[in-house]
Amino acid sequence: MQPSRITEVLNRPLGRELLARRLARLAYVAEDGTPRAIPIAFVWNGAEIVMCTPTNAPKLRALRHNPAVALTIDTESRPPAILLLRGRAELDEVEGVPEEFLLANGVPDMTPQQRAEWDAGAGSLYEAMVRIVVAPTWAKLIDFETTFPSAVAELTRRREERAGRG
């Protein structure tokens, strides 16, 4: 997919709205070859999805072996709005708690006392973390009004063709 097309999808109002959410589903292939899909907090920095995880997370071994990932960011409403992304996970180990982890976990919304307690807890738990950074190489936005999953779009086209013959 051309970078300009990815940018166009991500810059649509609905794309920007979904990228402002805090929870995605990350899909990857585990070391045993089986698929995994996990919920994970994220932030969009304008060019990349950034997720943070402990240095001992099992997904890191799998991502080092096979960095190909897919992400889904969606709504619970009907019809759902869905942003589908694909890319490669780049792993960046950092000391302490990354700023993206704080942003993704709602730290800016806390009172000063809540923030101090949270920082103390996070700081005592995470001596280091790994930033999982994904620059989208493919993107699709589905709103079930103007865009549909490819199978539904194909069925709609076939139905219209049949109606045109009848």
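What counts, and at which threshold
Residues numbered from 1 in each chain as written. Predicted model: local features only at pLDDT ≥ 70, side-chain atom pairs only at ≥ 80, totals over all residues. Heavy atoms only, no water. Helix = DSSP H or I, 4+ residues; strand = E, 2+ residues; numbered from the N terminus. Phe/Tyr/Trp six-rings, centres within 6.5 Å; stacked < 30°, edge-to-face > 60°. Buried < 20%, exposed > 50% of the residue type's maximum accessible area, 1.4 Å probe, protein only. Lys NZ or Arg CZ within 6 Å of the ring centre and 35° of its normal.

Note the cis peptide between R78 and P79, where omega equals -5 degrees. Looking at the secondary structure, you find P79 in the loop between β5 (68-74) and β6 (82-95). We note that F144 has phi near 60 degrees; this positive angle belongs to a residue other than glycine. Within the secondary structure, F144 sits in the loop between β7 (128-142) and α6 (150-165).

What follows is about the packing of aromatic side chains. Two aromatic rings, taken as a pair, are described by how far apart their centres are and by the angle between their planes. What the rule picks out here adds up to 3 aromatic pairs. Taken together, a centroid distance of 5.4 Å and an interplanar angle of 70 degrees make the contact between F101 and Y126 edge-to-face. Within this pair, whereas F101 is found in helix α4 (residues 99-104), its partner Y126 is found in the loop between α5 (112-125) and β7, the two being separated by 25 residues in sequence. Each member of the pair, F101 as well as Y126, is classed as buried. Considering the side-chain rings of F144 and F148, the 6.4 Å spacing of their centres and the 85 degrees angle between planes classify their relative orientation as edge-to-face. When its relative accessible area of 30% is taken as the criterion, F144 is described as partly exposed. On the basis of relative accessibility, which here comes to 29%, the residue F148 falls in the partly exposed class. Aromatic ring contacts, followed pair by pair, group F101, W118 and Y126 into a single cluster. R86 extends its terminal NZ or CZ atom over the ring of W138, reaching a point 3.7 Å from the ring centre.

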